[in-house]
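# Structure assessment
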Amino acid sequence: MFRYEVRQWLTSVASKYRATDHLDHDTLVDIRREWEGEVARSGYAGLSWPVEFGGKALGPIEEFVFSEECSTAKTPEELGRVGRLLVAPALFVHGTRHQLTRFLPPILQGTEIWCQGFSEPNAGSDLAGVTTSARRNGEHYVINGQKIWTSYGHYAQWCIVLARTGIAGSRHHGLTMIAVPMHHPGIEVRRIVQLTGSSEFTEVFFDEVEVPPDCVIGAENDGWAVALTILNAERGARMAALALKSMSDILALLDHCKGNHDEFQAAAVSLGSRLELARWHVMRSVERMASDRDPIPAASVIKIAWTELMQEAIRIGFRTNCQEHRDLWRYMELEARCRTISAGSSEIQRNIIAERILGLPR
Ligand SMILES: Cc1cc2nc3c(=O)[nH]c(=O)nc-3n(C[C@H](O)[C@H](O)[C@H](O)COP(=O)(O)OP(=O)(O)OC[C@H]3O[C@@H](n4cnc5c(N)ncnc54)[C@H](O)[C@@H]3O)c2cc1C
């Protein structure tokens, strides 16, 4: 019933926001903002959030169905994704009442965009090695340091920053999660041009940036627990649901480009089965979430499954040498390289599976 309702709604609204490959990045951003406003106005933002914060108190299954249907209708990717899918779950678990009422409404409406300030030049996979510091100085925390690969940093009003409040070398035990307003003096944002020519992420520099203590999410020095909540949301089923449909589109394109070539025909069949398997993994995880069972063991498995499948499908598509879609395959080939790096590389996911799920020795 819910899927049917969403599909009906999308039939009436989605065509206004459909992005094409030919639009420049800034135009796409405007379309994404407008789409987010439409979702919020129609009551589909924050489907699983409590009613008192503007949600519908539905569950992960409805969130999954909504993501799938939006992908099918080719609606644009959300610009406020970090706020809705990563920051909000962290606030529900670790935030104060004041933080929930301050931060959630603009996240839901799409009027405040968040970025994620975790990675640094010397701390990516080894996230517990971050050195950006937050020093308590009377009424404020004073932040100094640098973040890198910060997606949407140039559009964001807020950054969720993982900073060191403990002594140097305190690793997981000396980190604190802080919501930092991006317009504060001392913040400089520089765009990074990517391999594809577009520029979606940034470097962010903090020079004596003052932030009040009520911006600390969770307890001081307990930021690692907040980071884990965010990382699991980032690697888990909801993000994968968004990716699976674009995988179907890639396979449909491969089907179009493969011609009568035996090797490509066999590859398309095999990739189709693996995509279905990945979807079942995701649905199993969504079901675990819906019944309040721990979905976390599946997150790393799901991340590896869809990202590596996507890269393999694109590599094969590129090799078909289809003249009609050669430029698109080339673009996707460059763009997809980041998938096995962002949100934790495949090597790191395999380490997590080996150590934490299978219990293998280091
Ligand atoms: C498109 C994209 C968007 C991103 N957006 C954000 C964002 O918004 N905010 C943010 O904070 N970060 C973001 N990142 C950064 C991302 O989280 C990091 O790139 C990722 O965690 C890897 O860290 P690194 O780049 O420092 O690589 P490194 O950690 O230096 O790793 C380099 C290589 O060594 C391997 N390696 C490292 N350690 C081990 C180990 N112990 N065992 C086996 N192999 C290992 C890695 O797998 C990798 O192949 C983004 C990245 C991309 C690509």
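This structure is a prediction, so every number in the text was calculated from the model and none was measured.

Attention now moves to the overall build of the protein chain. Counting its regular elements, the protein chain contains eleven helices and eight strands. Relative to the compact-globule value of 21 Å for 362 residues, the protein chain shows a C-alpha radius of gyration of 21 Å, a close match. Each principal axis of the C-alpha distribution contributes one length, and for the protein chain these read about 70 × 45 × 40 Å. Residue burial in the protein chain is summarised as follows: out of 362 residues, 49% are buried. By sequence separation, contacts in the protein chain at least 24 residues apart represent 72% of the contacts at least 6 residues apart. Roughly 17,400 Å² of accessible area belongs to the protein chain as shown, and the carbon and sulfur atoms make up 53% of that amount. Side chains of the protein chain carry 39 positive and 45 negative charges; the gap between the two charge centres is 3 Å.

All right, on to the site of the ligand then. Around the ligand, the structure places 17 residues, and the nearest of them are Gln116, Ser119, Ser125, Trp149 and Ser345. Tryptophan 149 places a polar main-chain atom, nitrogen or oxygen, 2.9 Å from a nitrogen atom of the ligand. Taking serine 345, its side chain carries an N or O atom lying 2.5 Å from an oxygen atom of the ligand. Notes on the ligand: free accessible area 970 Å², of which the protein chains cover 64%. Elements supplying a minimum of two residues to the shell around the ligand: strand E3 (140–151) and helix H11 (346–357). Split by residue class, the shell around the ligand holds seven nonpolar, nine polar and one charged.

Now for the pairing of strand E4 (residues 158–164). By the criterion of burial, E4 is predominantly enclosed, with seven of the seven residues buried. Across the two faces of E4 the burial is the same, with Trp158, Ile160, Leu162 and Arg164 and Cys159, Val161 and Ala163 all buried. Pairing of strand E1 (residues 114–117) with E4, which is carried by four bridges, proceeds in the parallel orientation. Bridged to glutamine 116 within E4 is isoleucine 160. Pairing of E4 with strand E5 (residues 175–181) involves seven bridges; the strand directions are antiparallel. Paired with tryptophan 158 across the two strands is proline 181, which belongs to E5.

The phi torsion at asparagine 221 lies on the positive side, around 70 degrees, for a residue other than glycine. Note that asparagine 221 resides in the loop between strand E8 (216–217) and helix H6 (223–235).

Below, the discussion takes up the environment of isoleucine 113. With respect to the element layout, isoleucine 113 can be found in the loop between helix H5 (97–109) and E1. Taking relative accessible area as the criterion, isoleucine 113 reaches 1% and is therefore assigned buried. Through-space distance from the C-alpha of isoleucine 113 to that of leucine 86 is 12 Å; in sequence the pair is 27 residues apart. Setting aside residues up to four positions removed in sequence, isoleucine 113 forms contacts with Arg33, Glu36, Leu79, Gly80, Tyr155, Ala156, Gln157 and Trp158.

A few words now on the packing of helix H4 (residues 81–94) against H5. Viewed as axis vectors pointing N to C, H4 and H5 meet at an angle of 165 degrees, and their least axial separation amounts to 10 Å. With respect to H5, the axis of H4 lies roughly antiparallel. Once H4 is placed against H5, the crossing between them reads as left-handed. Of the residues in H5, those touching H4 at Gly83, Arg84, Val87, Ala88, Leu91 and Phe92 are Gln99, Leu100, Phe103, Leu104, Ile107, Leu108 and Gln109. Its residues placed into classes, the contact of H4 with H5 shows nine nonpolar, three polar and one charged.

With that settled, consider the pairing of E3. As paired strands, strand E2 (residues 133–137) and E3 are joined by five bridges and run antiparallel to one another. Residue pairing for E3: serine 133 is matched across the bridge by asparagine 144. Once E2 ends, the chain turns through two residues before running back antiparallel as E3, passing glycine 138 with a positive phi of about 60 degrees. The sheet contact formed by E3 and strand E7 (residues 201–211) spans eight bridges and is antiparallel.

Between side chains of opposite charge, a pair can form when the charged atoms approach closely. Throughout the structure, instances matching the rule amount to 22 salt bridges. Notably, a salt bridge pairs glutamate 312 with arginine 274, separated by 3.1 Å at the nearest N-O pair. Here arginine 274 lies in helix H8 (residues 262–290) and glutamate 312 lies in helix H9 (residues 297–319), a separation of 38 residues in the sequence. Note on glutamate 312: relative accessible area 28%, which makes it partly exposed. Residue classification places arginine 274 among the partly exposed residues on the basis of a relative accessible area of 33%. Here arginine 279 and glutamate 276 are joined by a salt bridge, their closest N and O atoms 4.0 Å apart. Separated by three residues within a single helix, arginine 279 and glutamate 276 lie in helix H8, roughly one turn from each other.

Thresholds applied
Residues numbered from 1 in each chain as written. Predicted model: local features only at pLDDT ≥ 70, side-chain atom pairs only at ≥ 80, totals over all residues. Heavy atoms only, no water. Helix = DSSP H or I, 4+ residues; strand = E, 2+ residues; numbered from the N terminus. Rg over C-alpha atoms; globule rule 2.2 N^0.38 Å. Buried < 20%, exposed > 50% of the residue type's maximum accessible area, 1.4 Å probe, protein only. Contact = heavy atoms within 4.5 Å. Areas by Shrake-Rupley, 256 points an atom, 1.4 Å probe, with all protein chains shown as cover. Lys, Arg positive; Asp, Glu negative; His and termini not counted. Charge placed at Lys NZ, Arg CZ, Asp CG, Glu CD. Near = heavy atom within 4 Å. Polar contact = N/O pair within 3.5 Å; in protein donor to acceptor, adjacent residues only side chain to side chain. Nonpolar A, V, L, I, M, F, W, Y, C, P; charged D, E, K, R; others polar. Pairing = 2+ DSSP bridges. Axes fitted to C-alpha atoms, helices over the stretch in contact; angles between N-to-C directions. Parallel < 35°, antiparallel > 145°, perpendicular 65-115°, else oblique. Left-handed = near helix turned anticlockwise from the far one by under 90°. Salt bridge = Lys/Arg side-chain N within 4 Å of Asp/Glu carboxyl O.

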